[in-house]
Amino acid sequence: MHAAVLEGPGGPEALSYREVPTPPVGPREVLLRVRAAGVNRLDVWIRNGTYPVPFPHVLGADVAGEVEQVGTEASGRFAPGDRVLVYPGLSCGACAACRQGQESFCESLGLLGRERWGGYAERIVVPEPLLFPLPETMTFQGAAALPVAYTTAEHMLSRAGVRSGERVLLFGATGGVGTALLLRAQRRRARVFAVTGSPTAAGELLAMGAEGVYLRPELTPLAGSSPLPGTVDAVLDSLGKEALAPGLARLRKGGRYAYCGVTSGNVVTLDLRPIYARQISILGCFLGNREDLRVLLEDSLNGGWEPRVHRTFPLSEAAAAHRALEGAHLGKLLLLP
Ligand SMILES: [Zn+2]
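Residues numbered from 1 in each chain as written. Predicted model: local features only at pLDDT ≥ 70, side-chain atom pairs only at ≥ 80, totals over all residues. Heavy atoms only, no water.

- Within an unreviewed UniProt entry, the label attached to the protein chain reads Alcohol dehydrogenase, zinc-binding domain protein, and the organism entered is mine drainage metagenome.

Set out below in structure tokens:
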């Protein structure tokens, strides 16, 4: 099979499109033909060596595809030809967190495309319990946007307890998780105030339902936006360092600050006094649980929302997709084998 193989740590050019052996299918595993694979910031961290992996390696935590072969001891739930989506968390299945459906809290949690080869390939072998049947209402491309970005977004909204009518300040609004948060917060009838570093994105963010769009770092209102509310109920962030001070400054007493990434930096100086005096909750979020993905798929049956896909690339152009991820984009980037 062909794959976009990461030959070693480096820039996008470290990804080379070439033949690799199709992996063997274990007794409780399933061989999938990959139809669409998502590109995530995590892939960049692995590619540049921040998360070391053995090389050569195949990235890709987001996989939608068709079953081609099932292992000899598979459950019988899936058959060749079935359309499926893969939950990317490799959890132990036995600890207290796993037994309670909180896989993202499993101490031995690994990730598809990090601890084992992922979806930047024509074929992938995955443990059968990771599979979800794909509803006919969901395309392969829409589905491949969900596992990391949308599951993370759903998990963040749950962790932060975002409810109907609440005001949410969203940093990093144009990225994969950012657009997922914008769309999914609205499903909870929250009011979203989006912060971006790219002024040209304002029109599209407003069209996607943001109540206002504000330019970092001063949070200046962009065209068509009313001034920011004095305080908000929750901050949702994937930037890290750049969002912390302006985000905390806007939170009401008892507000929640949830973040799932540190793309602008991870080491900060923090005054702890207002955190306790104003009873602020700071919530770290990583991936989501199987239940979050189930909810997203079920919700797609009800209509009314679509994952936001910015652009697709042929699998052979994975390096170009990585360059695009590190530039301006609005929504998910996908690879199509
Ligand atoms: Zn576990």
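More follows now that the structure is in view.
**With respect to the coordination of the zinc ion**
- The protein atoms that coordinate the zinc ion are C92 (SG), C95 (SG), C98 (SG) and C106 (SG), at distances spanning 2.3 to 2.4 Å.
- Around the zinc ion sit four donor atoms; with metal-centred angles ranging over 104 to 117 degrees, the donor geometry is tetrahedral.
- Counting gaps between the donor residues of the zinc ion yields the pattern C-x2-C-x2-C-x7-C. Taken together, the positions of C92 in the loop between strand 7 (89–90) and helix 2 (96–99) and C106 in the loop between helix 2 and strand 8 (110–111) put the pair 14 residues apart, joining distant regions of the chain. (Donors = N, O, S within 2.8 Å, 3.2 Å for Na, K, Ca; no water. Tetrahedral: all angles 85-135°; square planar, octahedral: opposite > 155°, others 65-115°. Helix = DSSP H or I, 4+ residues; strand = E, 2+ residues; numbered from the N terminus.)

**Quick look at the layout of surface pockets**
- One number sums up the size of the largest pocket: a volume of about 1100 Å³.
- Together, 48 residues line the largest pocket, and R41, G175, V177, S238 and T263 are the ones closest to its centre.
- Breaking the lining of the largest pocket down by element, the ones donating at least two residues are helix 1 (41–47), helix 4 (146–159), helix 5 (176–187) and strand 19 (332–336).
- A breakdown of the residues in the lining of the largest pocket according to their chemical character gives 21 nonpolar, 21 polar and six charged.
- A domain split of the lining of the largest pocket shows at least three residues from each of domain 1 (2–145 + 308–336) and domain 2 (153–284).
- Considering only enclosed or pocket space, the second largest pocket measures out at about 170 Å³ in volume. (1 Å grid on protein atoms, 1.4 Å probe; cavity = no way out; pocket = protein on both sides within 12 Å on 5 of 7 lines; lining within 4 Å. Points joined across faces, edges and corners; volume = space filled by probe spheres on them. Nonpolar A, V, L, I, M, F, W, Y, C, P; charged D, E, K, R; others polar. Domains from an automatic or database assignment.)

**Observations regarding helix 7 (residues 241–250)**
- Taken together, the buried positions of helix 7 are A243, L244, G247 and L248. The arc that holds the buried residues of helix 7, viewed along the axis, is 110 degrees, so those residues lie on one side. Residues A245 and A249 are exposed on helix 7 and point more than 90 degrees away from its buried face.
- On the buried face of helix 7, the contacting elements are strand 11 (167–171), strand 15 (232–237), strand 16 (251–259) and helix 8 (273–277). (Buried < 20%, exposed > 50% of the residue type's maximum accessible area, 1.4 Å probe, protein only. Arc of directions from axis to C-beta. Contact = heavy atoms within 4.5 Å.)

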